[in-house]
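Structural overview for review
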Amino acid sequence: MTVALSFGATFKAFRLEQNLSLSQAAGDIVGKSFLSKFERGQSAISAEKLWALLQRMNITVSEFQYRALGYTRTTSEAFFAQLREAVANNRQNIAAVDKLISQAEIRFTQTRLPTDRVNAIAARAIKYTILNGQKLPQDQIDYVADYLFRAEEWRSYHLQVISYMLIYLADATRRQIAQTLITQASKFQAIAGNREQATEILLNILALMIRDRHFQEVTEMLGLLAKNSGIQASLTSSIAFYALKSAYWFVSGEEARGRSELQWVFQTLHHLGEDEYAQALSHQWYQLTRQRIDYSPDMFDQD
């Protein structure tokens, strides 16, 4: 397998940005002369050797492809980027969301690709979440769930869809998603963006379980996470995980333990200079426990 000759110019640009000579970039992977010809578009290179060269320069394949293809996104990447922009910073631009829904539905009539219909449903889910009251039709929820579980392996696209649809999915479906993410953890851990998305989804599923007082499910999920060192490391690196556990302990009867853990969360964030994030977690704590603990940086001025 070989890659396009035009990729050579992209490789050269990355090499020069890092102030590497041809010999330094080539190492023992290819010859200096061969690499020079590849950069000038005079020779093709196998994908395996190109990936090895990129690894040598600490450049991800995604970063290389994104630049080589003119900083273009896939259709769905562009769709979700526009969707995020439409609802960013609490602007809640419903008209822009409606336009995206219409575009995706029109595309589906032309392509018959399930992803185009899934995109429309995901955008509608965001719209109804903003409007806070409208219910997503069950047949659309089922369509997305069927699409997800027909896939042999989830990628970034599937994780984005899950994040938008999570609040509308049934408890059993959310548990199945959590189990799948934990089972496939090694695949997600290998790709930074996917790892972050998977972690966020698991945290949100935990939050929904705690909100709904499904203590047995929370206990089972924490047990599964504890057995998977890879994904456990990602979760415990997120301070939000500790905040959720503190809420779980509080509402399940261990109030002192829950308050103590939340205090540690607040102190940690304060020392990291993340007081705004601590205030957001304080609000989440109230939503989950109905016990108000207002965060203020002044709480730790004596430290």
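Read on for an overview of the structure. Residue numbering note: each chain is counted from 1, following its sequence as written. The predicted nature of this model means local features are confined to residues of pLDDT at least 70 and side-chain atom pairs, given and counted, to a pLDDT of 80 or more, with totals for whole chains, interfaces and linings taken over all residues. Processing note: side-chain calculations cover all non-hydrogen atoms of the structure and skip hydrogens and water entirely.

1. Considering the side chain of arginine 174
How we decide: Think of it this way: any DSSP run of H or I at least four residues long counts as a helix, any run of E at least two long counts as a strand, and we number them from the N terminus. For this analysis, a polar contact is any N or O atom pair within 3.5 Å, provided that within protein one partner can donate a hydrogen and the other can accept it, and provided that sequence-adjacent residues contribute only side-chain to side-chain pairs. For this analysis, residues touch if any pair of their heavy atoms sits within 4.5 Å.
For arginine 174, the location among the structural elements is in helix α11 (residues 171-183). Here leucine 166 takes part through its backbone oxygen, which lies 3.2 Å from a polar atom of the side chain of arginine 174. With residues up to four places along the chain from it excluded, the contact list for arginine 174 reads Leu166, Ile167, Leu169, Ile205, Leu208 and Asp212.

2. Concerning unusual backbone geometry
With glycine set apart, most residues show a phi of negative sign, and most peptide bonds adopt trans. Our working rule: Each residue gets one of three labels from its accessible area relative to the maximum for its type: buried under 20%, exposed over 50%, partly exposed in between, using a 1.4 Å probe on protein chains only.
Unlike most non-glycine residues, arginine 213 shows phi in positive territory, near 60°. Turning to its location among the elements, arginine 213 is positioned in the loop between α13 (192-211) and α14 (215-226). Residue classification places arginine 213 among the partly exposed residues on the basis of a relative accessible area of 34%. Although it is not a glycine, arginine 290 sits at a positive phi angle of roughly 60°. Looking at the secondary structure, you find arginine 290 in the segment after α18 (275-289).

3. So, the packing of helix α7 (residues 94-111) against helix α8 (residues 114-131)
Geometrically, a packed helix pair is captured by the angle between its two axes and the distance between the axes. Where we set the bar: To define axes, lines are fitted to C-alpha atoms, for helices over the stretch in contact only, and angles between the resulting N-to-C directions are given on a 0 to 180 degree scale. Working rule for angles: under 35 degrees goes down as roughly parallel, over 145 as roughly antiparallel, 65 to 115 as roughly perpendicular, anything else as oblique. Two helices cross in a left-handed way if the nearer one is turned anticlockwise from the farther one by less than a right angle. They cross in a right-handed way if the turn is clockwise. Polar here means any residue outside two lists: the nonpolar Ala, Val, Leu, Ile, Met, Phe, Trp, Tyr, Cys and Pro, and the charged Asp, Glu, Lys and Arg; Gly therefore counts as polar.
Following both chains from N to C, one finds α7 and α8 inclined at 160°, their axes separated by 8 Å at the closest point. Overall, the two elements α7 and α8 adopt an arrangement that is roughly antiparallel. Between α7 and α8 lies a crossing whose hand is left-handed. Within the contact between the two elements, α7 uses Ile94, Val97, Asp98, Ile101, Ala104, Glu105, Arg107, Phe108 and Thr111 and α8 uses Pro114, Asp116, Arg117, Asn119, Ala120, Ala123, Arg124, Lys127, Ile130 and Leu131. Along the lines of polarity and charge, the residues of the contact of α7 with α8 split into 10 nonpolar, two polar and seven charged.

4. A closer look at the pattern of salt bridges
To be explicit about the condition: By salt bridge we mean one thing: a side-chain nitrogen of Lys or Arg within 4 Å of a carboxyl oxygen of Asp or Glu.
Counted by the stated rule, this structure contains 11 salt bridges. The residue glutamate 105 makes a salt bridge to arginine 124 at a minimum N-O spacing of 2.4 Å. Taken together, the residues span a long stretch of sequence, with glutamate 105 in helix α7 and arginine 124 in helix α8 at a distance of 19 residues. Given a relative accessible area of 35%, glutamate 105 falls into the partly exposed group.

5. Focus: empty space enclosed by the protein
How we decide: Using a grid of 1 Å spacing that covers the protein atoms alone, one calls a set of points a cavity when a 1.4 Å probe fits there but cannot get out, and a pocket when the set is open and has protein on both sides within 12 Å along at least five of seven lines; lining residues are those with an atom within 4 Å of a point. Grid points are joined across faces, edges and corners, and a volume is the space filled by probe spheres set on the points.
By the definition in use, this model includes one cavity of 30 Å³ or more. Of the volumes computed, that of the largest cavity is approximately 60 Å³. Around the largest cavity, the lining residues are Asp171, Arg174, Arg175, Ile205, Leu208, Met209, Asp212 and His214. Broken down by secondary-structure element, the contributors of at least two residues to the lining of the largest cavity are α11 and α13. For the lining of the largest cavity, a count of residues per class yields three nonpolar, one polar and four charged.

6. What about the nonpolar core?
Note the threshold: Buried Ala, Val, Leu, Ile, Met, Phe, Trp, Tyr and Cys residues form a nonpolar core when they are joined through side-chain atoms within 4.5 Å.
Within the largest apolar cluster, 75 residues are counted, with the highest numbers of intra-cluster contacts made by Leu83, Met165, Leu181, Leu202 and Leu225. When near neighbours in sequence (up to four residues on either side) are disregarded, leucine 181 contacts Trp154, Leu159, Phe188, Ala198, Ile201, Leu202 and Ile231. By size, the runner-up hydrophobic cluster in this structure holds 16 residues, among which are Ala26, Ile45, Leu50 and Ile59.

7. Some remarks on α18
Note the following rule: The span you would expect from a helix comes to 1.5 Å times its residue count less one. Arc definition: directions from the helix axis to the C-beta atoms.
Given a rise of 1.5 Å per residue, 15 residues ought to cover 21 Å, and the 21 Å separating the end C-alpha atoms of α18 matches this to within 8%. Ala278, Leu281, Ser282, Trp285, Leu288 and Thr289 are the residues of α18 that are buried. Axial view of α18: buried residues confined to an arc of 130°, hence all on one face. Looking one or two residues past α18, arginine 290 carries a phi angle of roughly 60°, positive in sign.

8. Re the packing of helix α6 (residues 75-87) against helix α10 (residues 156-165)
Interhelical geometry of α6 versus α10 gives an angle of 30° and a closest axis separation of 11 Å. As summarised for this structure, α6 and α10 are arranged roughly parallel, according to the angle between their axes. Crossing angle aside, the handedness with which α6 passes α10 is left-handed. Of α10, the residues touching α6 (which contributes Ser76, Phe80, Leu83 and Arg84) are Tyr157, Gln160, Val161 and Tyr164. A class-by-class count of the residues in the contact of α6 with α10 yields five nonpolar, two polar and one charged.

9. Some details on the packing of aromatic side chains
Heads up, the condition is: Note on ring pairs: Phe, Tyr and Trp rings are taken, using the six-membered ring of Trp, and paired if centres are within 6.5 Å. Classes follow the plane angle, with under 30 degrees stacked, over 60 edge-to-face and the rest tilted. The rule is short: NZ of Lys or CZ of Arg within 6 Å of the ring centre and within 35 degrees of the ring normal puts a charge over the ring.
In total, this model carries 13 aromatic pairs according to the counting rule given. Plain terms: the ring middles of phenylalanine 80 and tyrosine 157 are 5.9 Å apart, the flat faces sit at 40° to each other, and that makes the pair tilted. You can see phenylalanine 80 sitting in helix α6 and its partner tyrosine 157 sitting in helix α10, a full 77 residues away along the chain. Judged by its relative accessible area of 0%, phenylalanine 80 falls in the buried class. Residue classification places tyrosine 157 among the buried residues on the basis of a relative accessible area of 13%. One aromatic cluster is present, formed by Phe79, Phe80, Tyr147, Tyr157 and Tyr164 through successive ring pairs. In this arrangement the basic side chain of arginine 67 is found over the ring face of phenylalanine 14, its NZ or CZ atom lying 4.0 Å from the centre.

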